[in-house]
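What the coordinates show
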Amino acid sequence: TDVTEIARLLCVILLATAGYFFFRSFFNNSYFLPLLGATALGLILTMALLSDFNTHPDEEVHVTAGEYFIDHTLPPEVGDPSIRHTYSHYGVSRLHSGEIIYFLAGKYLRLLQPLYLQSFFLLRFFNVLLFGTLVFFAFHKRDFRFFLLPFLITPQLWYIFSYFNSDAFAAFIGLLAAYQLAGKKSALTSLIFSEQPRYTWIKLPALGLLLGCLLLLKQNFYFLYLFFFFYFLWKIWVLRPNWNSGRTFRLTAVLLIGCSIFAGVRFIDARVNNFNKDDLMFEARRQFADELFNPDTPIAKRHAYLEMRKRGTDLKRFLAADRWGEKSFRSSFGVYGYTQYSGSFVYYDYVRYIGIALLLTLLISIVYRGQGAGIALLTLTTGMALLLITAACWHAWTVDFQAQGRYFLPIIPMAAVLFYHCRRIIFRPAFYLLFCSLFSLSIYNFILVGLRDIGKYG
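Rules used throughout
Residues numbered from 1 in each chain as written. Predicted model: local features only at pLDDT ≥ 70, side-chain atom pairs only at ≥ 80, totals over all residues. Heavy atoms only, no water. Helix = DSSP H or I, 4+ residues; strand = E, 2+ residues; numbered from the N terminus. Rg over C-alpha atoms; globule rule 2.2 N^0.38 Å. Buried < 20%, exposed > 50% of the residue type's maximum accessible area, 1.4 Å probe, protein only. Contact = heavy atoms within 4.5 Å. Areas by Shrake-Rupley, 256 points an atom, 1.4 Å probe, with all protein chains shown as cover. Lys, Arg positive; Asp, Glu negative; His and termini not counted. Charge placed at Lys NZ, Arg CZ, Asp CG, Glu CD. Patch = residues over 30% accessible without salt bridge, like charges linked within 9 Å, V, L, I, M, F, W, Y side chains within 5 Å. Salt bridge = Lys/Arg side-chain N within 4 Å of Asp/Glu carboxyl O. Core = buried A, V, L, I, M, F, W, Y, C linked by side-chain atoms within 4.5 Å. Polar contact = N/O pair within 3.5 Å; in protein donor to acceptor, adjacent residues only side chain to side chain.

A tally of helices and strands in the protein chain yields 20 helices and two strands. Relative to the compact-globule value of 23 Å for 458 residues, the protein chain shows a C-alpha radius of gyration of 24 Å, a close match. The C-alpha extent of the protein chain, read off along each of the three principal axes, is 85 × 60 × 50 Å. The 458 residues of the protein chain split such that 51% are buried. When contacts within the protein chain are restricted to residue pairs at least 6 apart in sequence, long-range pairs at least 24 apart make up 77% of them. Looking at the protein chain as shown, the accessible area adds up to about 22500 Å², and 66% of this sits on carbon and sulfur atoms. Side chains of the protein chain carry 42 positive and 28 negative charges; the gap between the two charge centres is 12 Å.

Moving on, we come to a nonpolar patch on the surface. Taken together, the side chains of I356, L360, L363, I364, V367 and Y368 present a nonpolar region at the surface, about 580 Å² in accessible area. Locating V367 in the fold gives a position in helix α17 (residues 345-369). Look at V367 and you get partly exposed, because its relative accessible area is 43%.

Ranked by internal contacts, the top residues of the largest apolar core, which has 128 residues, are F147, F151, W158 and F435. Examining the composition of this core, we find that 13 residues originate from one element, helix α8 (residues 166-182), more than from any other. Not counting the four nearest positions on each side in its chain, F147 is found in contact with L175, A178, Y179, A182, G183, A416, V417 and Y420. Among the nonpolar cores identified, the runner-up in size contains 10 residues, and F318, A392, A396 and F408 belong to it.

Another aspect to go through is the side chain of E59. Mapped onto the elements of the fold, E59 is located in helix α3 (residues 59-68). A distance of 2.9 Å separates the side chain of E59 from the side chain of R124, its partner in a polar contact. With near-sequence residues (within four places) excluded, E59 lies in contact with D52, F53, N54, F120, R124, Y163, F164 and Y338.

Structure representation (structure tokens):
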């Protein structure tokens, strides 16, 4: 009847109105971000518990490097026969990377030895705890929630936290450092931009330690350091603080503590290797590398993906035929194992189109509403991201073809800083609809590709 149709229409209108106000409140208080983060955390823990050892990229060499520091404090000498098992088929050991993560992992393992669990399980839980810390922090600090958003748009990042590797720790430290630099209520902002900061005696060494860890990350994070430097100049240009002796002293103290940690670790490493580490590492490659990756092997007999430019592969063929860009894109949004488990072509197309729409929404919002400061920050972020991608492409073409999305991880903290500053000017309905679509696709891919196909423990 007409009355029934009118009643149904009214119910639909009422439900739509109620849904609109519910989601408007839900998105405005940003509480949905840690809730989504907790969902991702559950999936990460599931992968860590179910997957078999070394079904993930280089997990074995990461674990053996961490195990070394259970009983050692100083780094080993390059080529030491006692660490032969830590060398990969490239003839390189993670113990010589200069990253602080393996020392911390070793001491963590020593602390948990009474549990009598296998090292790789304990170290996986280490990375799970790192992601859990970010989610916990987001629940308790409202302004940090927006920094978590870039962690929720790709399942590849969740995958990195589900097994032991150095990339997860680097992403964790990078995001914390981004928050300290950009967050309005962060400890660093309080120290530098407040007249009378509280708990200075705790904040100074803690921030110095964070800076020290930041400086002892993977080489691709050097681009993040460059971004942080220019971002700090941008922030001073925007806020124009009145510098005084107290603020200068506090900033200098943080820098001195962090740089002292970095310099101390580097000096000890150099001293152990008699200040001749580069030559020793080259000799180790000649001694331990497989024939396909050994520098003594003639280039024609080495792996086909090594030094492709020198072999005569031009850049057009490298990008078009060898598809470095497409492979890098896919391994940024859901490729598992040693890249043998991937989604359908349709999945990656959906991610591509929605991702482009999300970027355009952010870009248009900043151009129309961000004024000079917002456009300057957008230019800085885009420039640093493109510089990193260009460097990764050049390395893959001239040294070793590595189409792996984890090399682009420094872009995540950069994007977090950009979104944090522009969160109030974006076109929210469109942005959050696209973001939730990417998150939904990420859950689909992680469960129905990653968890389904990965080799299971036992």
